[in-house]
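Okay, here's what each chain looks like letter by letter:
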Amino acid sequence: MTNEIRMGRAMEKLIIQGGRALNGVVDVSGAKNAAVAIIPAAIMASSGVCLIDNIPDIEDVNCLERILECLGCRIKRDKNSAVIDSTSVNNLNACTEEVRKMRASYYLIGALLGRFKKARVELPGGCSIGVRPIDQHIKGFEALGAQVKIEHGAVIIEAERLVGANIFFDVVSVGATINVMLAATLAEGTTILENVAREPHVVDVANFLNTMGANIKGAGTDVIRVTGVKELKGCSYSVIPDQIEAGTFMIAAAACGGRVRIDNVIPKHLESISAKLIEMGVEIIEEEDSITVISNGRLKSVNVKTMPYPGFPTDVQQPMSTLLSIAEGRSIINESIWECRFKHVDELKKMGAEIKVEGRTAIIDGVCKLTGAVVKASDLRAGAAMVIAGMIAEGVSEVHSLDHIDRGYPKIEEKFRSLGADIVRAEA
Ligand code: EPZ
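Residues numbered from 1 in each chain as written. Predicted model: local features only at pLDDT ≥ 70, side-chain atom pairs only at ≥ 80, totals over all residues. Heavy atoms only, no water.

**Student:** Looking at this structure, how should I read the sheet that holds strand S25 (residues 396-400)?
**Tutor:** Strands pair in a sheet through their backbones, by hydrogen bonds, and they do so in one of two ways: parallel or antiparallel. An order of S24-S25-S1-S26 is seen for the four strands of this open sheet, with the pairing classed as mixed. Pairing within the sheet leaves two strands with one partner each, and these edge strands are strand S24 (374-376) and strand S26 (422-427). In this sheet, neighbouring strand axes are inclined to one another by 25° on average, regardless of whether the strands run parallel or antiparallel. Inspection of the sheet shows S24 paired to S25 by three bridges, in the parallel sense. Paired with Val375 across the two strands is Val399, which belongs to S25. Most of the contacts of helix H13 (residues 380-392) go to strand S1 (residues 12-17), to which it runs at about 30°, and overall it touches S1, S24, S25 and S26. (Pairing = 2+ DSSP bridges. Helix = DSSP H or I, 4+ residues; strand = E, 2+ residues; numbered from the N terminus. Axes fitted to C-alpha atoms, helices over the stretch in contact; angles between N-to-C directions. Contact = heavy atoms within 4.5 Å.)

Structure follows, in structure tokens:
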């Protein structure tokens with residue numbers, strides 16, 4: 001996307017007439033946080049092409065596509081699939097504004113280091129939700145034998161050889177787990193990664209790499225064992241459904257009331273969210289690849305603590321806070337992953353929510369209703385929280401700064417409209 005188009009998105013708004021129940025069936029797209037790792041990982045194929053399916057149609061994916069093209073990849077993209085030919089990569093210098101803007105661009109470091117043993121990658125951006133260090137990524141790369149320098153805002157990394165190592169991460173990090181796993185895939189010998197993230201997208205990236213010829217075991221547990229292979233080749237792969245988009249729909253259905261079947265999900269990935277909604281009084285029906293949410297009347301307050309998987313995901317904490325703002329009684333949210341993920345609270349307060357934030361804790365006293373207001377999306381999931389707030393509020397709301405939402409939710413307004421919401425996109 002050019003800057004002009006991005007500015008255009010930033011200048012759009014959603015207009016929502018609140019108060020409609022949600023009913024019907026909605027399809028979940030492929031997982032953003034899996035796709036944004038799998039696409040850079042495709043760079044590691046030195047022969048053949050990668051055909052990747054179930055890619056979400058979001059701006060973060062468009063952005064990665066352009067970054068890969070700058071590195072010399074040839075990409076044919078349809079809305080939900082991409083054919084990536086990385087045999088022609090000829091540029092190991094990923095230093096564009098787009099690399100700086102998105103978080104997942106850090107996966108270029110592990111992918112390029114693995115295949116070419118060197119890279120120069122601008123430091124990543126992404127949602128402003130607290131300090132986002134990459135010290136654990138660097139610690140892992142160094143343990144594999146790489147020299148790492150940070151100069152002029154870029155990571156410059158090089159290794160004569162990469163040799164397998166035992167690495168114990170100080171914190172459970174999705175990004176560090178995936179990034180070091182990428183590089184270790186093409187290292188000599190065996191790498192043992194301990195205290196790793198167990199998120200579904202970590203498992204999905206490991207499955208993708210294994211389909212390319214890697215030898216990775218243990219993804220989904222807290223120890224991953226990578227036996228290095230000489231090369232990876234192209235493959236066909238389908239990205240898993242998006243746990244967070246599914247969680248957002250579940251919370252929206254619970255908040256607006258009605259009966260919504262959410263298709264193309266893996267119910268196991270949603271257990272922590274289902275458990276909280278059930279505790280609040282929502283009815284949940286799980287089937288093989290769908291989940292139905294039935295909600296009538298006012299729900300009970302609950303306490304939520306965000307945790308790495310299988311705990312309650314930080315990425316649905318903000319939508320959840322909207323739901324809790326109209327639950328009966330006091331709820332407490334403890335955000336244990338990010339130090340600054342309550343920026344949306346001021347916007348919710350404009351709509352009548354009663355929420356007090358103390359550090360990483362939000363104390364929410366449920367009110368009977370929210371009222372429509374003009375609000376903004378301060379980051380991706382904050383945006384989803386505000387859209388849900390608009391759908392439950394009395395009267396009309398406007399949600400601004402849609403560029404954040406479009407980075408990670410494919411066609412959010414169309415999907416909610418198909419469930420009966422009154423929501424349109426317009427020029428701001
Ligand atoms: C991923 O970010 C996701 N992003 C985030 O989703 C998500 O919130 C997060 O994982 C946690 O689930 C992508 O996958 C692109 P982390 P990531 O490394 O990998 C600390 C969304 O809304 N840490 O798991 O950057 C860090 O400060 C986005 O879709 C270090 O201290 O997160 C944080 O407290 C927002 N040193 C904790 O670990 C490091 O080197 C978890 O971060 C790395 C992380």
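**Student:** Is there a simple way to explain unusual backbone geometry in this structure?
**Tutor:** Trans is the common state for peptide bonds, and a negative phi is the common state for residues other than glycine. Following Tyr309, the chain continues into Pro310 via a peptide bond in cis, with omega recorded as 10°. The backbone of Lys117 sits at a positive phi, close to 65°, despite the residue not being glycine. In the Ramachandran plot, Asn195 falls in the positive-phi region, its phi being about 60° despite a non-glycine side chain.

**Student:** Any chance you could explain the site of the ligand here in plain terms?
**Tutor:** Every one of the 24 residues lining the ligand counts as a neighbour, but Ser173, Val174, Asp315, Ile337 and Arg381 are closest to it. Within the backbone of Pro133, a nitrogen or oxygen atom sits 3.3 Å from an oxygen atom of the ligand. One of the backbone nitrogen or oxygen atoms of Gly175 is found 2.8 Å away from an oxygen atom of the ligand. For the ligand, whose accessible area on its own is 830 Å², the fraction buried by protein is 89%. (Near = heavy atom within 4 Å. Polar contact = N/O pair within 3.5 Å; in protein donor to acceptor, adjacent residues only side chain to side chain. Areas by Shrake-Rupley, 256 points an atom, 1.4 Å probe, with all protein chains shown as cover.)

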